[in-house]
Amino acid sequence: MGIVTAGYAMFALYGLVVFLEYPLLSSLGASTAELLEHGSALLILGGLFTFFIALTRE
């Protein structure tokens, strides 16, 4: 159950980064905010990987 929770947390963190991208544009700059958003896409990959681990451990 902890693995699935970690996967959902990664998806939620990615959603938070995408949600905060536009308010952060003025303070961070456009290129940094875009880099943060695109870099955080690795959280989606991590979340999918944790779900795969959870499925194979059952």
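Residues numbered from 1 in each chain as written. Predicted model: local features only at pLDDT ≥ 70, side-chain atom pairs only at ≥ 80, totals over all residues. Heavy atoms only, no water.

## Here's the deal with the packing of aromatic side chains
Thinking step 1. Within the structure shown, the criterion is met by 2 aromatic pairs.
Thinking step 2. Look at Y8 and F51: their rings are 5.2 Å apart centre to centre, the planes differ by 75°, and that puts the pair in the edge-to-face class. Here the residue Y8 occupies a position in helix α1 (residues 2-28), and F51 occupies one in helix α3 (residues 41-57), the gap between them amounting to 43 residues.
Thinking step 3. By relative accessible area, Y8 is classed as exposed at 55%.
Thinking step 4. An angle of 25° between the planes, with centres 5.6 Å apart, marks the rings of F11 and F51 as stacked. With F11 in helix α1 and F51 in helix α3, the pair connects residues that are 40 residues apart, well separated along the chain.
Thinking step 5. Aromatic ring contacts, followed pair by pair, group Y8, F11 and F51 into a single cluster. (Phe/Tyr/Trp six-rings, centres within 6.5 Å; stacked < 30°, edge-to-face > 60°. Helix = DSSP H or I, 4+ residues; strand = E, 2+ residues; numbered from the N terminus. Buried < 20%, exposed > 50% of the residue type's maximum accessible area, 1.4 Å probe, protein only.)

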